[in-house]
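Tertiary structure, described
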Amino acid sequence: MTLDLPFVWACLIAFAVIAYILLDGFDLGVGILFPFMRGEATRDEMMNSVAPVWDGNETWLVLGGGGLFAVFPLAYAIIMPALYAPVIAMLLGLVFRGVAFEFRWKTRRGKFLWDWAFAAGSTTAALAQGIALGALVQGIPVAGRAYAGGWWDWLTPFSLVTGVALVVGYALLGSTWLVYKTEGETQQKAYGFARVTGVTTLALIVIVSLWTPFLSDAFMHRWFAWPQVLFVAPVPLMVALAAFALLDGLRKRQERRPFCATVALFMLCFIGLLISFYPYLVPTSVTLREAAAPDSSLSFLLAGAAVLLPVILAYTGYSYWVFRGKVNRHGAYH
Amino acid sequence: MDLPDPLLLARFQFAFTVSFHIVFPSISIGLASYLAVLEALWLGTGRAEFLTLFNYWKKIFAVAFGMGVVSGIVMSYQFGTNWSVFSDKAGPVIGPMMGYEVLSAFFLEAGFLGVMLFGLSRVGPRLHFVATLMVALGTFMSAFWILAVNSWMQTPAGYSMNAAGQFIPRDWWAIVFNPSFPYRLLHMLLAAYLTTAFIVGGTGALHLLRDATQPAPRFMFSMAMWMAAIVAPLQIAAGDLHGLNTLEHQPAKIAAMEGHFDTHAGAPLLLFGLPDMDQERTNYAIEIPRLGSLILTHDPNGTVRGLKEWPRAQRPNAAILFWSFRVMVGAGLAMFAVGLWSLVLRRRRRLFDSPGLLKAAVASSPVGVVAVIAGWITTEVGRQPYTVYGLLTTAESASSIGGLAVGASLTAFVVVYFTVFGAGAFYMLRLMHTAPKAAES
């Protein structure tokens, strides 16, 4: 039996991307909520809830990008120039918010500046990621082995909506994370934001889901042709279930269920995206098989990934376990 | 108005972002190991000074590491944005090595960093020490893989080409352990240790100049000076080996570094000069007869090839290389001198109360950083005009992006980096200016 290496790797990259969206999603979301949460103690608490884990969360982005480079170099070489401006904006946003974790504790007078950098950087990165995602879904024209479109192709009404949707969605992840990790006043505020961002996120999911099939015949066919519709119909149904779990959990003031429901919501949207994309990596120009590096590249890295990914998951889990429970407002090292 | 040349701007963007970036890993490789040693000493001896020092340098490490992470993410995406043809062609070979860097290094560092920074009271000293060791191991693995990548671009091996012009891996052992890799890895790790030793030593000296009785600054100064005295001579030996390896595989780079345009037996060593690429000569040269051949071939009458042996289009820029190389060597010799001086004073038991050495240590604390940047400029400019040496030119490697797009992103990077990393450097310096305090958590 031989492994279908490009397919295995497509699954692994997809795993890295969803891991990134979920994990960095909640800590970017905490940043997006920063301007709306006043008070130094509250902000310290928010920061401490993600400080020990944010770096690990962001590493999944490097695995997603680096993995694409390693195993689908052609796709990487096409997508990055096509999404030039949003990628640069995302990187700069990540610079500002990443250094804020340390810098804001190093100064009293300048602390507000780094709070601002954290919020603006997180929001910029989220918006840029959402726009990049929307631009990718719309499709990228290719000639030969290179991007063949213009430098503003990424900017369309659709990509702006997906950009806003991801900002709001990350804010939802962030607020349900805070519901789970904090208590008292911060938690009460987080419940309020979770409700607002939850309802908005659901509305945006509906808009984007209805819009997407009209972007290309392939998407339309994938979602509405008979009998395929039987296989894909469970996804929207489960989205409805997750949406109910989220809103019900918030109403009953449950602490863990809203976060879990939001995670489920993100995963379902991501699965929906994969259903639309397959077998394309760059819709509708390059399939994952066309973009794949030779088997000697794929198998070399797969050997390492097979051993290292379970180990990574184990110690990442351990790290989360060490910092389990509610954030201690005063006990952090700073 | 002429539109800016996108290739030149993309090269400048890479040079700018990587020059900032390399400073942070250099410090975090060295400091991670230093922190592991400090924690081991604390666990082994139970002396509180070691914990004090650990907590002191931990904070500085966290700032440097954070800046390394964010500037590193920029690097990993820049291959795609500005160098997409290179990514497509070399991706099958260097991509998996960078993938290994993420899997074996970045996750390890990031996964245990939280425990190391915030977790001592939660996991206890032993598990915490494991976390510190894992962070240090991660910095090593990161250096291993990224230097394998860089070395492969300098001395490619173990590949074949396919119809699309992509490099196809044939023999991963030959790719990873390519001819220049062991030398470059050793040279860089020693450089990271030296850089850190001088930062730690300078900080210790600063506090000793204020108050020579405190035990914590005495420990850090003494440890740093041991490192300087031992590692600086090792680094000179490693640099010599690396140079000989470069002479074998990239002789044009050596010719440019030495400012030699003509090939001759018994070549002199140029101490000073202004290489002129158009005129094909080095002006105002001050030379020591035969020493160039002696250093490069270990024979005073050995033959050293000059740049004229290569067509003009294949020559790296000697005007830059000649000086970047001399700055690196000068910095290395300065570090060697400080190390030697410390040995003499240590023998006389005057290590801590000689203002001369303490002031020299403070003044030379950034010398390692200067050497690292100058060294990387030497090896990277010396690889030109290729990205993959001799096989893929830099001009062929670039994305077909307009000059305005590259220029705009370059401007943004320059503004953001100077602001953000300027602030970070300021915070690091301020932390180093504060004396280590005991019983601080």
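As the structure is a prediction and not an experimental result, all values here were calculated from the model.

Focus on the overall build of chain B
Looking only at helices and strands, chain B features 14 helices and 8 strands. Against the globule reference of 22 Å for 441 residues, chain B gives a C-alpha radius of gyration of 23 Å, in line with a compact fold. On the principal axes, the C-alpha backbone points of chain B span a range of 65 × 50 × 50 Å. Counted over contacts in chain B with a minimum sequence separation of 6, partners at least 24 positions apart contribute 74%.

What about the overall build of chain A?
When its secondary structure is counted, chain A shows 14 helices and 4 strands. By the compact-globule yardstick of 20 Å for 334 residues, chain A fits well, its C-alpha radius of gyration being 20 Å. Seen through its C-alpha atoms, chain A measures out along the principal axes to roughly 55 × 45 × 40 Å. Within chain A, buried positions represent 55% of all 334 residues. Across chain A, every contact between residues at least 6 apart in sequence was considered, and the portion connecting residues at least 24 apart equals 78%.

Brief notes about the pairing of strand S4 (residues 269-276) of chain B
Residue and element names in this part refer to chain B. In the sheet, S4 pairs with strand S5 (residues 281-288) via 6 bridges, with the strands oriented antiparallel. Bridge pairing in S5 links leucine 270 to glutamate 287. Between S4 and S5, which pair antiparallel one after the other, the connecting turn spans 4 residues, and glutamate 280 there sits at a positive phi close to 60°.

Comments concerning the environment of Phe259(A)
All names here are of chain A. The residue phenylalanine 259 is located in helix H12 (residues 257-277) in this model. By C-beta crowding, phenylalanine 259 is classed as buried, having 24 other C-beta atoms within 10 Å. Taking the C-alpha atoms as reference points, phenylalanine 259 and glycine 249, separated by 10 residues in sequence, lie 9.1 Å from one another. Those residues in contact with phenylalanine 259, other than ones at most four positions away along the chain, are Thr176, Trp177, Val179 and Tyr180.

Thoughts on the confidence of the model for chain A
Summary statistics for chain A give a mean pLDDT of 91 and a share of 98% for residues scoring 70 or more. Confidence, expressed as mean pLDDT per element, reaches its minimum in chain A at helix H10 (residues 228-232) of chain A with 83 and its maximum at helix H7 (residues 157-181) of chain A with 96.

Regarding H12(A)
Residue and element names in this part refer to chain A. The terminal C-alpha atoms of H12 lie 30 Å apart, and with 21 residues this matches the ideal 30 Å at 1.5 Å per residue to within 8%. Where H12 is concerned, the buried positions are Pro258, Phe259, Ala261, Thr262, Val263, Leu265, Phe266, Leu268, Cys269, Gly272, Ser276 and Phe277. Where H12 is buried, its residues contact helix H1 (5-33), H7, helix H8 (184-211), helix H9 (217-224), helix H11 (234-251) and strand S3 (280-282).

Points about H11(A)
Residue and element names in this part refer to chain A. Between the first and last C-alpha of H11 there are 26 Å, a value that for 18 residues agrees with the 26 Å anticipated at 1.5 Å per step. Among the residues of H11, Val239, Ala242, Ala243, Leu246, Gly249 and Leu250 are the ones counted as buried. Within H11, the buried residues cover an arc of 135° as seen down the axis, which keeps them to one side. Seen from the open side of H11, the exposed residues pointing more than 90 degrees away from its buried face are Pro234, Leu237, Ala240, Phe244 and Arg251. Directly beyond the C-terminal end of H11, a positive phi value near 55° is found at arginine 253.

Some words on the packing of helix H3 (residues 84-118) of chain B against helix H4 (residues 120-154) of chain B
The relative placement of two packed helices comes down to the angle between their axes together with the axis-to-axis distance. Residues and elements named next belong to chain B. The N-to-C vectors of H3 and H4 enclose an angle of 160°; their axes lie 8 Å apart at closest approach. Overall, the two elements H3 and H4 adopt an arrangement that is roughly antiparallel. As for how H3 packs across H4, the hand of that crossing is left-handed. In terms of residue class, the contact of H3 with H4 is built from 23 nonpolar, 6 polar and 2 charged.

Observations regarding the packing of H1(A) against helix H14 (residues 295-322) of chain A
All names here are of chain A. Remark: H1 packs on H14, axes separated minimally by 10 Å, with the N-to-C direction vectors making an angle of 45°. Between H1 and H14, the crossing angle belongs to the class labelled oblique. When the axes of H1 and H14 are compared, the crossing they make is left-handed. The residues of H14 that touch H1, namely those facing Leu5, Pro6, Val8, Trp9 and Leu12, are Asp295, Leu298, Ser299, Leu302 and Ala305. Split into classes, the residues belonging to the contact of H1 with H14 amount to 8 nonpolar, 1 polar and 1 charged.

What about the environment of Trp323(B)?
Inspection of the secondary structure puts Trp323(B) in helix H10 (residues 318-347). Expressed as a C-alpha distance, the spacing of Trp323(B) and Met257(B), which sit 66 residues apart in the sequence, is 7.6 Å.

Some thoughts on the nonpolar core
Ranked by internal contacts, the top residues of the largest apolar core, which has 260 residues, are Phe72(A), Ala75(A), Ile78(A), Ile79(A), Leu91(A), Ala64(B) and Ala228(B). With near-sequence residues (within four places) excluded, Ala64(B) lies in contact with Phe24(B), Ile27(B), Ser28(B), Leu31(B) and Met428(B).

Here we look at the confidence of the model for chain B
Averaged over all residues, the pLDDT of chain B is 92; the fraction at 70 or higher stands at 99%. On the interface metric, ipTM, the complex scores 0.90, and its pTM is 0.92.

A few points about unusual backbone geometry
With omega at 0°, the peptide bond leading from Tyr278(A) into Pro279(A) counts as cis. Considering the arrangement of structural elements, one finds Pro279(A) in the loop between H12 and S3. In this structure, the amide linkage connecting Gln384(B) to the following residue, Pro385(B), adopts the cis form with an omega of 5°. Of note, Pro385(B) is situated in the loop between helix H12 (367-381) and strand S7 (386-388). Positive phi, normally seen in glycine, also occurs at Arg253(A), with a value near 55°. By the element assignment, Arg253(A) lies in the loop between H11 and H12. You can call Arg253(A) exposed: it has 11 C-beta atoms within 10 Å.

Remarks on the environment of Leu31(B)
All names here are of chain B. Along the chain, leucine 31 falls in helix H1 (residues 6-45). Judged by the 26 C-beta atoms lying within 10 Å of it, leucine 31 falls in the buried class. Separated by 24 residues in sequence, leucine 31 and asparagine 55 place their C-alpha atoms 12 Å apart. Excluding anything up to four places from it in sequence, leucine 31 contacts Trp57, Phe61, Ala64 and Thr196.

The rules behind these values
- Residues numbered from 1 in each chain as written.
- Chains lettered and ligands numbered in written order.
- Predicted model: local features only at pLDDT ≥ 70, side-chain atom pairs only at ≥ 80, totals over all residues.
- Helix = DSSP H or I, 4+ residues; strand = E, 2+ residues; numbered from the N terminus.
- Rg over C-alpha atoms; globule rule 2.2 N^0.38 Å.
- Contact = placed C-beta atoms within 7 Å.
- Buried ≥ 20, exposed ≤ 12 C-beta atoms within 10 Å, placed from the backbone.
- Pairing = 2+ DSSP bridges.
- pLDDT = per-residue confidence, 0-100.
- Expected span 1.5 Å × (residues − 1).
- Arc of directions from axis to C-beta.
- Axes fitted to C-alpha atoms, helices over the stretch in contact; angles between N-to-C directions.
- Parallel < 35°, antiparallel > 145°, perpendicular 65-115°, else oblique.
- Left-handed = near helix turned anticlockwise from the far one by under 90°.
- Nonpolar A, V, L, I, M, F, W, Y, C, P; charged D, E, K, R; others polar.
- Core = buried A, V, L, I, M, F, W, Y, C linked by C-beta atoms within 7 Å.

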